[in-house]
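Overview (structure and organization)
So you can see what is in the structure, the chains are spelled out below.
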Amino acid sequence: MASLRASSKCLARHLRLDRLSVQGLSRSLSSFPLSSSSSREFVTFSLSQPQGIDESVDLAHRIGEINLGAFTYGRKNFSTSASESQPPSESEVPAPQPAAGYSAVSSPLRSYSPVLSGFSVLPHPAAGLPAGLSPPSNVGSLSLEFLGREMSNLLSLGKLEETIRLFEEWVKSPGLDGKPKVPNLMVYNLLLHAKLRIGADPRNLLQVLKEMEMSGINPNLLTFNFLLRAIFRHRDSIMAEKIIARMEQRGPEAQPDGDSYNFVIVLCALDRRLDAGLKHLQSMYNRGYVPSKTTYNELLLTATRLHRTRVAVSLLKDLKKYNVAPQVQSIAELAVAATEVDDSECALLALRVLSESELSKSVRNLTMDEGGIHAILSCAARAADIELSTEAWSMLRASFRGTKTPRPSSYHARIHALAAGGDFDTAFSTLHEMQEAYNDTEYAADTNIFSPFTSLRPLVLACTRGGAAALDAAYYKLAEMHAAGKPVALAAINCVIQGCSNIWDYDRAYQTFEAIGTTFGLMPDVHSCNALLDVFGKNRKTSEVLQIYSYMGEMGIRPDSRTYSLIIEAHVVNRDVKAAMESLDALVNAGHTPARDTMSKIQRRCVKEGDENGAREIDRLLKKMGYRDGGLKATKWQQILLVL
């Protein structure tokens with residue numbers, strides 16, 4: 001009894017079951033007979049179906065699950081803790097457990113003595129053996145049944161090198177009849193599993209597969225899946241495709257399953273071979289398998305980074321069909337990528353997937369920054385897609401939670417999309433909201449974010465698209481909003497005035513300018529006056545231009561650089577070089593820098609009017625202000641003067 005107690009303690013210390021933890025795997029991929037005898041003993045390998053093939057996860061999963069707290073003695077549990085006072089009886093001698101997934105039905109595990117040299121064979125003299133079997137004395141005398149059991153035990157203990165060495169020594173040793181020994185399918189699969197877990201090169205596993213076929217053993221699904229896992233580690237999609245092709249040409253025992261296709265598709269996606277991955281995805285559908293979440297996400301990322309947005313839309317529809325939740329960050333990246341190719345449908349679908357995701361609202365609102373949403377708004381503006389613009393704008397406002405105001409560029413993109421889509425009511429309301437947020441800031445004065453010549457030009461063009469009738473419709477819409485008590489932005493009226501200037505209709509422009517005070521009860525600003533100066537200058541109404549300039553001084557409206565430029569252009573159109581030069585001096589004295597285009601127009605007019613001194617002065621100013629190749633070179637305008 002004392003020797004039995006010591007043997008049990010030695011066994012517990014050897015197995016270190018209090019510290020050993022091996023993850024059990026959920027899915028049984030294959031089972032095959034243990035031997036050719038009539039005992040009906042089977043060995044079952046359990047291999048988890050990957051819910052997603054992740055690069056950061058070791059794909060060589062451990063097989064088996066070992067109890068951490070107790071050995072099983074017959075039908076009783078014997079704790080390994082030191083607090084147990086009653087030792088087990090002799091009839092309750094424990095037998096060593098095999099790897100989980102390798103379960104012998106109706107047969108106790110073999111145990112024999114002596115221990116094989118160089119291997120951890122667990123001695124257990126009291127365990128019985130099946131009828132007709134005798135304990136072997138060396139590696140060469142192990143039967144295929146005993147060899148498979150021993151290799152399974154070593155694998156469950158993580159002794160991979162010893163598992164491989166046991167196989168090699170068994171194969172090298174001659175059989176009882178003097179002929180070379182031939183392992184069976186089970187033993188070969190155990191060898192492949194050990195090589196996989198040890199990180200062997202796929203070519204090494206391919207050599208084992210070749211030996212199997214030369215020995216007349218047909219590999220099964222588990223064999224090829226071990227090989228695909230090894231290939232996945234080395235990122236060789238070409239080799240993986242060759243393996244899957246061999247599997248498809250074999251019998252039913254080696255046909256690929258969902259795991260096989262997941263490995264190959266993800267490898268193709270990682271290598272940016274999208275078409276090959278889609279081909280295997282279709283084969284997977286045809287066989288009735290649904291790809292894993294990671295497989296879909298890798299294909300989606302590859303399609304996104306290759307800007308194959310039509311493929312991405314198809315994948316998103318498949319995800320919804322099979323109720324697979326995509327990765328939120330992948331969808332956010334797809335939404336931005338769709339804007340780079342102006343695919344508004346893909347961007348809208350991506351935003352809807354984001355809004356319908358199961359993430360909490362606070363987390364979902366952080367998946368995209370304002371820059372990404374601004375890109376989507378710009379795409380909606382180019383495509384005149386009001387629906388996409390509304391979806392993106394809602395996400396932007398929700399992400400700010402009322403604590404922050406969108407940037408002017410985001411407002412401009414939103415207004416552009418609404419105006420291009422014909423929704424002027426919402427466009428004018430958004431413009432008023434923007435004016436309320438930024439009108440009194442220095443940023444607005446410095447950047448001209450309300451200028452109908454630059455920032456709001458898309459709205460001006462949208463109002464002018466139908467000519468005078470469209471401009472009248474925009475004006476009456478603003479008047480109706482004012483009559484209904486809704487606020488009207490002055491910038492919207494300025495856009496209508498500038499639209500009148502675009503069609504050279506100074507009467508309609510002046511009437512709209514007058515309506516700023518009489519109808520809407522507002523005061524004109526510098527942009528209102530600039531729009532009126534533009535239309536009068538185009539029609540050679542120089543006296544009216546000067547009157548507007550005087551009116552600005554009386555009303556305390558400070559002219560900007562565009563005001564002086566418009567006055568100069570009016571004098572140039574009127575062929576008054578002297579007045580144009582005087583206005584240029586006023587512009588410089590006001591602290592503004594004249595635009596190169598404005599100075600070039602003055603210089604050309606000087607040349608045409610024969611004013612050599614004026615042309616030289618403009619050329620001197622261009623060089624002084626650092627404009628390279630500005631205006632006409634001296635030799636050029638001198639030649640023109642000679643011709644004239």
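None of these values were measured; they are calculated from a predicted model. (Residues numbered from 1 in each chain as written. Predicted model: local features only at pLDDT ≥ 70, side-chain atom pairs only at ≥ 80, totals over all residues. Heavy atoms only, no water.)

The subject of this paragraph is the overall build of the protein. When helices and strands are counted, the protein shows 30 helices and 4 strands. Counting over 644 residues, the protein shows a buried share of 49%. Counting every atom, the protein has about 31,000 Å² of accessible surface; 49% of that belongs to carbon and sulfur. (Helix = DSSP H or I, 4+ residues; strand = E, 2+ residues; numbered from the N terminus. Buried < 20%, exposed > 50% of the residue type's maximum accessible area, 1.4 Å probe, protein only. Areas by Shrake-Rupley, 256 points an atom, 1.4 Å probe, with all protein chains shown as cover.)

To continue, consider the state of the cysteines. All told, the structure shown has 0 disulfides when counted by the stated rule. C495 provides the cysteine sulfur closest to C463, a residue in no disulfide bond, and the two sulfurs are 6.4 Å apart. (Disulfide = S-S within 2.5 Å.)

Attention shifts here to helix α3 (residues 160–172). Taking 1.5 Å per residue as the helical rise, α3 with its 13 residues ought to reach 18 Å, and the 19 Å between its terminal C-alpha atoms agrees with that figure. Within α3, burial applies to L160, T163, I164, L166, F167 and W170. One side of α3 holds all its buried residues, which, seen down the axis, span an arc of 155°. The exposed set on the far side of α3, more than 90 degrees from its buried face, consists of E161 and K172. Buried residues belonging to α3 abut α2 (144–156) and α4 (185–198). (Expected span 1.5 Å × (residues − 1). Arc of directions from axis to C-beta. Contact = heavy atoms within 4.5 Å.)

Here we come to the UniProt feature "repeat: PPR" (unreviewed entry) in the protein. When the UniProt feature table is mapped to this numbering, "repeat: PPR" (unreviewed entry) covers residues 184–219, 525–559 and 560–594. The straight-line gap between the two end C-alpha atoms of residues 184–219 is 10 Å; of that span, 75% is helix and 0% is strand. Taken end to end, residues 560–594 is 74% helix and 0% strand, and its first and last C-alpha atoms sit 11 Å apart. (UniProt positions renumbered as here; feature names shortened; annotations may be inferred.)

On to the packing of helix α15 (residues 370–383) against helix α16 (residues 386–400), then. Look at α15 against α16: their axes get within 8 Å of each other, and the N-to-C directions meet at 160°. Between α15 and α16, the interaxial angle falls into the category roughly antiparallel. Relative to α16, α15 is oriented so that their crossing is left-handed. Residue-level inspection shows E370, I373, I376, L377, C379 and A380 of α15 in contact with α16, the latter providing L388, S389, A392, W393, M395, L396 and F400. A breakdown of the residues in the contact of α15 with α16 according to their chemical character gives 11 nonpolar, 1 polar and 1 charged. (Axes fitted to C-alpha atoms, helices over the stretch in contact; angles between N-to-C directions. Parallel < 35°, antiparallel > 145°, perpendicular 65-115°, else oblique. Left-handed = near helix turned anticlockwise from the far one by under 90°. Nonpolar A, V, L, I, M, F, W, Y, C, P; charged D, E, K, R; others polar.)

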